[in-house]
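Secondary and tertiary structure notes
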Amino acid sequence: QVQLVESGGGLVQPGGSLRLSCAASGSIFRFATMGWYRQAPGKQRELVAAITSGGSTNYADSVKGQFTISRDNAKNTVYLQMNSLKPEDTAVYYCNARLEAVSMDYWGKGTLVTVSS
């Protein structure tokens, strides 16, 4: 079984930065495409950023140039560096691990990011 544990959320002022981390248990990490999703109140969950096992990345248009996703396979951890945060970035951020070959998805429980003055 794969477990994903997010950390790093919290309250930050507009213009500030946060780095989210997602630690994965199990041996599938290096094979998985890792993603960060977010869900704001009253809205659907949306993809923020993803990184493949080979290191290719893609971002939602709304965060390009603002957020950076990275992974450390030695630590089984994926990160999301969030800069120049805006109130509209307020959401619960979820970590996702996807194994394309077997069509399996795993989710963390989420970490709340609140951007407010």
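Description of the structure in this document. Here the structure is a predicted model, which is why all the values come from computation and not from measurement.

**Remarks on the pattern of salt bridges**
Side chains that differ in charge, positive against negative, can pair when their charged atoms come close. The full count for this structure, using the stated rule, is four salt bridges. Residue Asp89 pairs with Arg38 through a salt bridge whose shortest N-O separation is 3.0 Å. One end of the pair, Asp89, is in the loop between β8 (77–82) and β9 (91–99); the other, Arg38, is in strand β4 (residues 33–39), and 51 residues separate them in sequence. Exposure remark for Asp89: the relative accessible area of 3% places this residue in the buried category. By relative accessible area, Arg38 is classed as buried at 6%.

**As for unusual backbone geometry**
Here Asn76, not a glycine, exhibits a phi torsion of approximately 55 degrees, which is positive. Turning to its location among the elements, Asn76 is positioned in the loop between β7 (67–72) and β8. Positive phi, normally seen in glycine, also occurs at Ser103, with a value near 50 degrees. Overall, Ser103 belongs to the exposed group, its relative accessible area being 65%.

**Topic: the sheet that holds β8**
Sheet strands line up and pair through hydrogen bonds in the backbone, either parallel or antiparallel. The four strands lie next to each other as β1-β3-β8-β7, forming an open sheet whose pairing is antiparallel. Every other strand in the sheet has two partners, leaving β1 (4–7) and β7 as the edge strands with one partner each. The average angle at which neighbouring strand axes cross in this sheet is 15 degrees, direction not considered. Pairing between β7 and β8: six bridges, direction antiparallel. Bridge pairing links Phe67 to Met82 in β8.

Reading guide: rules and limits
- Starting from 1, residues in each chain are numbered consecutively following that chain's sequence as written.
- For this predicted model, a pLDDT threshold of at least 70 governs which residues receive local features, and a threshold of 80 or more governs which side-chain atom pairs are given and counted, while totals over whole chains, interfaces and linings are taken from all residues.
- To get the side-chain values, take all heavy atoms of the structure and skip hydrogens and water.
- In what follows, salt bridge is the name for a side-chain nitrogen of Lys or Arg lying within 4 Å of a carboxyl oxygen of Asp or Glu.
- Secondary structure elements are defined from DSSP: runs of H or I of at least 4 residues count as helices, runs of E of at least 2 residues count as strands, and each element is numbered from the N terminus.
- With a 1.4 Å probe rolled over the protein chains alone, any residue whose accessible area is under 20% of its type maximum counts as buried; one over 50% counts as exposed, and the rest are partly exposed.
- When DSSP finds at least two bridges between two strands, those strands are taken to pair.
- Axes here refer to lines fitted to C-alpha atoms; in helices the fit is confined to the stretch in contact. Angles between the N-to-C directions go from 0 to 180 degrees.

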